[in-house]
Every structure is written in C-alpha cells, then in structure tokens.
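# What the coordinates show
What follows is the residue order along each chain.
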Amino acid sequence: QSTWGHSRMPRQSQDQEALLNNRPLRCYWFPLYVATFLGVLLVLVVLLFGLDKLPHHPRYASCESSNAVAELDRQLTDLYNHQQFAVINSNILSTDFLVASQDWVVSQSESSSFFEQLSNSGFTPLQIASHCTKKIESVTHEIGQLEANNSTQTFYSRWVESELDVLITNVDFTETEDSITDALAPHRASFVDYFASQQFEVIQTNFYHPHAVLVPPSNDGFIPHSNIGEYYHSLYDLGAHNITFTPFSVFTTESVIHEIGNFSNSLGNSYYYRRWENDEGWKLATELLSIGDHH
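The numbers attached to residues start from 1 for each chain and follow its sequence in the written order. This being a predicted model, a pLDDT of at least 70 is required before a residue's local features are given, and a value of 80 or more before pairs of side-chain atoms are given or counted; all residues contribute to the totals for chains, interfaces and linings. Values reported for side chains reflect all heavy atoms of the structure, with hydrogen atoms and water molecules removed beforehand.

### Some details on the sheet that holds strand β4 (residues 139–148)
A strand pair is defined by DSSP finding two or more bridges across the two strands. Secondary structure elements are taken from DSSP: a helix is a run of H or I of four residues or more, a strand is a run of E of two residues or more, and numbering for both begins at the N terminus. Ordered in space as β2-β1-β6-β5-β4-β3, the six strands form an open sheet in which the pairing is mixed. Edge positions in the open sheet fall to β2 (105–107) and β3 (127–136), since each of these has one partner strand only. Ignoring which end each strand starts from, the neighbouring axes of this sheet average 15 degrees apart. When β3 meets β4, the two strands line up antiparallel, connected through nine bridges. Counterpart to Cys-132 in the pairing with β4 is Ile-143. Sitting on the sheet, helix α2 (residues 67–81) is in contact with β3, β4, β5 (151–160) and β6 (163–169), with an inclination near 140 degrees to β3. With axes taken as lines fitted to C-alpha atoms, and helix axes fitted only over the stretch in contact, angles between N-to-C directions fall between 0 and 180 degrees. What makes two residues a contact is simply this: any of their non-hydrogen atoms within 4.5 Å.

This is how it looks when you write it as structure tokens:
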C-alpha cells in the first residue's frame, strides 16, 4: 500500500495549488501597478513637453463642421490668390476686423496693405483648411490651418454672419510696437488669485461672457462657457500652477479689447489671445491658450 495514502498530495501538486491560490492576489494588484505606472508616465510627459502639448479634454470640447464657413473660406482664398485685396476689405471683412499674431496687430483700415505685403513676402498661393467650427447665435468660431509656399500655420477666425471679424494666426511677418493701455490689469490679477485659490466656478461666472468659448492648447475644439471652470480645474490638477497672463499687444475699440501676450505657468509657456467684450463690465468672449510655439 502506498505510503502517500489519500490525505497527502505529491509535492508537485502542492506547488501547483499554492500557485493557484496566490494567483488571485497577484491579479488583484496588477491593475494598481499598471495605473501607477501610467500616472507616473503622464506626469513625466507633462513635465517634459509642457502645457502646450497637453491634449484637450473631449468631454469639455465640441467641434462642428460648416458648409457656409467653408464657402466663405473659398471666397477669401480665391480673392487673396488673385490679389483682390481691396475687394477682401470691402466684401469679406467687418468694419471691426482685426488680424493678429504674437508679433503684430493689424486693423481693418490697414488690412488691404497688409494682405498685399503678406502675398509679396511669398505667403502664396493660399489654401485654408478648416478643421472645426462652433456657431453661437450669429457668431461662428473656426479653427484650422493656413497653407502657403510649403508653410502651414494654425489659425482661429471669428465670423459674424458672412463677415470676417477676427483672424488670429502664428504667421511670422512683421512686428509692431503697440502702446499698452492696461485697463484690464486688475481683472488679470483677480483671475490669477481665484485660480490659485481653486475657485474655478467663480472664474467661469465672473470672467466669462455666457456665449464665451475657450480653445485649448491642442487647438482642435471649443470649450463652451458651461465647462470653462471645470477645464481650468483640470489644468490645476495636472500641475499648471503659478499662472500669469502678461500682455504685450492690446488693441482697443469702444466695446472690445483684443489682448495678445505670454501665458506662463509651472508647466511651460505659450502665446495667448483674449477677446474682452464690455457688457456691463469687461468679460472674456474668446480665449486661445496657445496661438503658436513659444520662442
């Protein structure tokens, strides 16, 4: 009769049983290991590449397509490539039109000369690739790319009905010196204080017009007013602390202030554009957190 009997198992079977008994414990901890690794990886990516490389949050941003805007882009492209700059001024641009980059600001009265100089500098033939639009009442916001002479530049445009009201791009062209009338300095200081104290709902309510849109650094969607506070909360959670908005170009009309400057935070820097509208006090109607690579 075997000395093993029926109360003992061979050593190999005991080892197999031990492995089986331990497996659930290891499987239980494995997802935690993976999550920890991915969290550390995200932090490293943020630190290495900065805020302007972070993706936008799909649950906040929205994107549409517009045949009407595509047709307006086609008309603008056709007139520009045929050097009909005066016709662009009279038929396409609004009387409040402004085109700007991180280095320059041009108003409607100077636009014909500007487009002519831009064409003569070699930025032709022009193609406009619209990637995303967002219509709010009579205003349509657009994000896309300008392509000319093997150069591709990101742009933002604001259309009011069929008139081009604002064009923001990172095309390098010329630099102008603007006098800074910093009437908005107290607003920026309060914004930074509320951000530091994590009062993101107050930021959304007090600083943004109800029809405001924010374009994240990825430039591929529009964040509506209802999600702006939550978006800034997410930036804070990702480590974007110690924020500052330092304007170096401001263009003012009776009811609108266009502001371009440097957006700085603990993750990096980018050029920003803000459109303030005076509706019983200055509030943000449009905000782009990155309008080009910082250099």
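### Some points on the sheet that holds strand β10 (residues 256–265)
Taking strand neighbours across the sheet as the criterion, the six strands line up as β8-β7-β12-β11-β10-β9 in an open arrangement whose pairing is mixed. Only two strands of the sheet have a single neighbouring strand rather than two, namely β8 (223–224) and β9 (244–252). The sheet contact formed by strand β11 (residues 268–278) and strand β12 (residues 282–288) spans six bridges and is antiparallel. When the bridges of β12 are listed, Asn-278 appears paired with Trp-282. Lying on the sheet, helix α6 (residues 200–207) is in contact with β7 (208–215) and β12; it crosses β7 at an angle near 115 degrees.

### Some words on the environment of Lys-134
Relative to the elements of secondary structure, Lys-134 occurs in strand β3. The spatial distance from the C-alpha of Lys-134 to the C-alpha of Pro-224 is 9.4 Å, given a sequence separation of 90 residues. Leave out the neighbours within four places in its chain, and Lys-134 touches Ser-62, Glu-64, Val-139, Thr-140, His-141, Val-213 and Phe-222.

### Here's the deal with the nonpolar core
It is characteristic of soluble globular proteins that their nonpolar side chains tend to be buried jointly. Core analysis: the biggest nonpolar cluster contains 28 residues, and Phe-191, Tyr-208, Leu-214, Tyr-232, Phe-245 and Leu-289 have the highest contact counts within it. Taken together, the elements giving at least two residues each to this core come down to α5 (185–196), α6, β7, α7 (225–237), β9, β10, β11 and β12. Ranked by residue count, the leading element in this core is α7, at five residues. Ignoring sequence-local partners within four residues, the contact set of Phe-191 consists of Ile-203, Phe-207, Tyr-208, Tyr-232, Ile-243, Phe-245 and Arg-274. Within this scheme, the nonpolar core is defined by two criteria: the residues are buried Ala, Val, Leu, Ile, Met, Phe, Trp, Tyr or Cys, and they are joined through side-chain atoms within 4.5 Å. When accessible area is computed with a 1.4 Å probe and restricted to protein chains, residues below 20% of their type maximum are described as buried, those above 50% as exposed, and intermediate ones as partly exposed. Counting 25 residues, the second-largest nonpolar core is a separate cluster that includes Phe-97, Val-106, Phe-155 and Trp-159.

### Here's the deal with the state of the cysteines
Counting rule for disulfides: a pair of cysteine sulfur atoms within 2.5 Å. Scanning all chains against the criterion turns up one disulfide. Disulfide pairing places Cys-63 opposite Cys-132 at an S-S distance of 2.1 Å. With Cys-63 in the loop between α1 (11–49) and α2 and Cys-132 in strand β3, this residue pair connects regions lying 69 residues apart in the sequence. Owing to a relative accessible area of 44%, Cys-63 belongs among the partly exposed residues under this scheme. On the basis of relative accessibility, which here comes to 2%, the residue Cys-132 falls in the buried class.

### Focus on the pattern of salt bridges
Every case where a carboxyl oxygen of Asp or Glu lies within 4 Å of a side-chain nitrogen of Lys or Arg is listed as a salt bridge. Inspection of the entire model under this criterion finds eight salt bridges. Note that Arg-74 is salt-bridged to Glu-71, the shortest N-O span being 2.7 Å. Of this pair, Arg-74 and Glu-71 both sit in helix α2, separated by three residues, roughly a single helical turn. The class for Arg-74 is partly exposed, based on a relative accessible area of 47%. In this structure, Asp-165 and Arg-275 form a salt bridge, with 3.3 Å as the shortest nitrogen-oxygen distance. Here Asp-165, found in strand β6, pairs with Arg-275, found in strand β11; they are 110 residues apart in sequence, far enough to count as distant.

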